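# Chains, contacts and geometry: an overview
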Amino acid sequence: MQSSAIPIMEEEEQINGLPELSDDLLIRIFGLLPVEEIARAKSVSKAWHKLLLSGFCFLPPLTFEQPRHLNGTTNSSFFDSIDSSLKLHYQKHLPLSKLRLRLDLKYIGSWRSKIDSWIDAALEMKVGHLDLCFLYHYINPYILPVKVLSARTIRVLYLEECRLEIRGDINIDLPALRKLCLRGIWCDEEDEQAIQKLISSCPLIQDLKISSCNEMRGLHVSGHVNLQRLSVVSCIKLRRIEIDEPSLQYLDLHHGSFGFYMVLKSCEFLKELILYDRYITKNMFINLLSRLPNLERLEINDTLLGRIEISHRQLKKLDLSLTKTTEAILKIDTPNLHSFRYYGYKMPLISVISSLNPSSLQEVNINFIHSRFSILQSKEFFEMMKECQDIKLNLHIKSKQELIIPKKPRPILSPPVYDIKHLHLLVYNCCRYQFIIDRMFWMCHPQILSFSSDTEPRFLKPKSSITSSGTKKSTPSVVFLVPPNAGGIIWKRFKLMAMKAERKSTE
């Protein structure tokens, strides 16, 4: 009988399970794991423990996101991993491309005093991407070290839920900064211009995003020759914003609690505008569009305007989202529009649809919220939109009664609209899809009719509609159900199924 004793090296090889891999390859594998998994890997074998202590497995970037509901031991191990990995990086003179710290100040305990040293170590290693987030800061927020504002190698800077103090003769020197994101930044009442000072001291940034900075009352953005994207979102106390950036191409503005006064200068190259401002006036809106001759995408959300007039030759994509109480009069003159989306509680006027130049439209997305689907308006809508490649209707059906067409007016109804290429329906609160199909066939006969629902995709056999002369009309080549979260692969599969079904119908 052979002895069961196993040499130590063989035992470690069996535990490792990867005896043939070199140290360099193991280092690359460990570098893809989160810090918590690397810490557990130390106890697997002596060889791994020695390799992990060498520090070479901690390759940049370093990401530390504090897990929730940690006990005392696990919490201490997590912070110890941050401390040890940064020390090893520093001792081995390894470069650090990115450092992300997402910490919960409520459970950090005595480790809070170590945060400054961690950031200092990253700055000394010439970090290029610094991402700092501190949760539960309301009682005692973390104060950003002044050294961060003079880091000459930082290209991307994310600051979230921390206090920014820029007082006296503090020198801000961030020559390499290209992207700046500020979220939930706190400032003292005596230093409410801290955010403005920081932005003005970064002349080469290309992407700027400010959100939930509730202490900021005014913002002036100018002097950035390379700024292409600007987002100002949910800053409650913001009352005035001035923008003078000739190179700006993307602008996203979300109002606070009471709206703000907006001044745009030298933004003639702006191509995308997303506007959430229910307090904007008619004259302000018209004046805004007149200053943007190259605008290609316009998105208007949550507006209280009683009349919306949009006249633009270059506009290619238009999204309108009206509030529940808004009954706006829409006047649209956009001859080169390719995509149109409407979201509201009232059916859009046919006169609005007719002004969109259907010959250029490729996609139409209409969302009706608690609105009765008028068959007469729908037919006229489909007649105008029949040259569009893709029509999407989102219907919120309250009851089956909304889908029933009385028998008496059926003989006098005009024939359904043909030449619709693809009609996609997203239906809510409906128990029988057959009723929707029958109702839709009284209005149009698309080549492909599809649904989005929470059911499995399958083919349906629709009923043929009857014209005033009593003859049956042909039905679409294919009708199928599509899951609401269908991705690109699923859509390709359905299109292939539709092509096969259409080919069979012609044979």
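In this text, all values refer to a predicted model and were calculated from it rather than measured experimentally. (Residues numbered from 1 in each chain as written. Predicted model: local features only at pLDDT ≥ 70, side-chain atom pairs only at ≥ 80, totals over all residues. Heavy atoms only, no water.)

### As for the overall build of the chain
What the chain contains, in helices and strands, is 12 helices and 22 strands. Out of the 507 residues in the chain, the part that is buried amounts to 47%. A separation threshold of at least 6 residues defines the contact pool for the chain, and within that pool the share at least 24 residues apart is 51%. Carbon and sulfur atoms provide 51% of the accessible area of the chain, an area that totals close to 26,400 Å². (Helix = DSSP H or I, 4+ residues; strand = E, 2+ residues; numbered from the N terminus. Buried < 20%, exposed > 50% of the residue type's maximum accessible area, 1.4 Å probe, protein only. Contact = heavy atoms within 4.5 Å. Areas by Shrake-Rupley, 256 points an atom, 1.4 Å probe, with all protein chains shown as cover.)

### Quick look at the sheet that holds strand E9 (residues 240-244)
With parallel pairing, three strands are arranged side by side in an open sheet as E7-E9-E11. Either end of the sheet is taken by a strand with one partner, and the two such strands are strand E7 (218-222) and strand E11 (261-265). Going across the sheet, the axis of each strand differs from the next one's by a mean of 5°, ignoring polarity. Bridge count between E9 and E11: five bridges; the pairing is parallel. Considered in E11, the bridge of arginine 240 is made with tyrosine 261. (Pairing = 2+ DSSP bridges. Axes fitted to C-alpha atoms, helices over the stretch in contact; angles between N-to-C directions.)

### Some points on the pattern of salt bridges
For the structure on display, the rule yields 14 salt bridges. For lysine 392, the salt bridge identified is with glutamate 363, shortest N-O distance 3.8 Å. With lysine 392 in strand E19 (residues 390-396) and glutamate 363 in strand E18 (residues 363-368), this pair connects stretches of sequence that are 29 residues apart. The partly exposed category is assigned to lysine 392, whose relative accessible area is 25%. Here glutamate 363 falls in the partly exposed class, since its relative accessible area comes to 30%. (Salt bridge = Lys/Arg side-chain N within 4 Å of Asp/Glu carboxyl O.)

### Quick word on the packing of aromatic side chains
Inspection of every chain in the model, using the stated rule, returns five aromatic pairs. Taking 5.3 Å as the distance between ring centres and 70° as the angle between the ring planes, the aromatic pair formed by phenylalanine 78 and phenylalanine 79 counts as edge-to-face. As far as the burial class goes, phenylalanine 78 and phenylalanine 79 line up, both buried. Through successive ring pairs, a cluster of aromatic residues spans Phe78, Phe79, Trp111 and Trp118. For the cation-ring pair, arginine 229 lies above tyrosine 250, with the distance from its terminal atom to the ring centre recorded as 3.8 Å. (Phe/Tyr/Trp six-rings, centres within 6.5 Å; stacked < 30°, edge-to-face > 60°. Lys NZ or Arg CZ within 6 Å of the ring centre and 35° of its normal.)

### Things to note about the pairing of strand E13 (residues 297-303)
Of all the seven residues making up E13, six are buried; the element is thus mostly covered by neighbouring parts of the structure. Examined bridge by bridge, strand E12 (residues 272-276) and E13 share five bridges and lie parallel to one another. In the sheet register, glutamate 272 faces E13, and the bridge partner there is arginine 297.

### Brief notes about the environment of leucine 159
Mapping leucine 159 onto the fold places it in strand E4 (residues 156-160). Its relative accessible area of 2% is what places leucine 159 among the buried residues. Measuring from C-alpha to C-alpha, the distance between leucine 159 and cysteine 181 comes to 6.3 Å, with 22 residues separating the pair along the chain. Residue contacts for leucine 159: discarding those within four places in its chain leaves Leu132, Leu144, Cys181, Leu182, Arg183 and Ile185.

### Section: unusual backbone geometry
Positive phi is not limited to glycine here, since glutamate 161 has a value of about 60°. In this fold, glutamate 161 is placed in the loop between E4 and strand E5 (179-183). The class of glutamate 161 is buried, set by a relative accessible area of 15%. One non-glycine residue, aspartate 419, lies in positive phi territory at about 70°. Mapped onto the elements, aspartate 419 comes out in the loop between E19 and strand E20 (422-428).

### Considering the nonpolar core
Phe340 and Phe382 are the most contacted members of the largest nonpolar core, which has 116 residues in total. When neighbours within four sequence positions are excluded, phenylalanine 382 is seen to be in contact with Ile391, Leu393, Val417, Ile420, Leu423, Met440, Met443 and Cys444. Listed in part, the six residues of the second largest apolar core include Leu26, Ile27, Trp48 and Leu51. (Core = buried A, V, L, I, M, F, W, Y, C linked by side-chain atoms within 4.5 Å.)

### Examining helix H8 (residues 282-290)
Looking only at H8, the buried set comprises Phe285, Leu288 and Leu289. Taken around the axis of H8, the buried residues stretch over an arc of 95°, which confines them to a single face. Of the residues in H8, the exposed ones pointing more than 90 degrees away from the buried face are Asn283 and Ser290. The elements touched by buried residues of H8 are E11, E12, E13 and strand E14 (307-311). (Arc of directions from axis to C-beta.)

### Describing the side chain of serine 321
One can find serine 321 in strand E15 (residues 317-322). When its relative accessible area of 14% is taken as the criterion, serine 321 is described as buried. Setting aside chain neighbours within four positions, we find serine 321 in contact with Ile300, Asn301, Asp302, Thr303 and Tyr343.

### Some details on the confidence of the model for the chain
Averaged over every residue, the pLDDT of the chain is 76; the share at 70 or more is 68%. With pLDDT under 50 throughout, residues 480-507 is counted as low confidence; its partners more than four residues away or in other chains account for 44 contacts. (pLDDT = per-residue confidence, 0-100.)

### Some thoughts on the side chain of histidine 224
Among the structural elements, histidine 224 can be located in the loop between E7 and strand E8 (229-233). Note on histidine 224: relative accessible area 2%, which makes it buried. Looking at histidine 224, its side chain comes within polar contact range of the main-chain oxygen of isoleucine 199, at 2.9 Å. When sequence neighbours within four positions are dropped, the list of residues in contact with histidine 224 reads Ile199, Cys202, Pro203, Ile205, Glu245 and Ser247. (Polar contact = N/O pair within 3.5 Å; in protein donor to acceptor, adjacent residues only side chain to side chain.)

### Concerning helix H6 (residues 115-124)
Turning to H6, its buried residues are Ile115, Trp118, Ile119, Ala121, Ala122 and Leu123. Just beyond H6, the residue with positive phi is lysine 126, at close to 60°.

### Remarks on the environment of arginine 341
Among the structural elements, arginine 341 can be located in strand E17 (residues 339-344). On the accessibility criterion, arginine 341 (22% relative accessible area) is partly exposed. Excluding its chain neighbours within four sequence positions, the residues that come into contact with arginine 341 are Glu299, Asn301, Leu318, Asp319, Leu320, Asn365 and Asn367.

### Overview of the environment of glutamine 228
Residue placement: glutamine 228 occurs in the loop between E7 and E8. Along the primary structure glutamine 228 and leucine 270 are separated by 42 residues, whereas in three dimensions their C-alpha atoms are 8.6 Å apart. The contact partners of glutamine 228, leaving out residues within four places of it in the chain, are Gln206, Ser247, Leu248, Gln249 and Tyr250.

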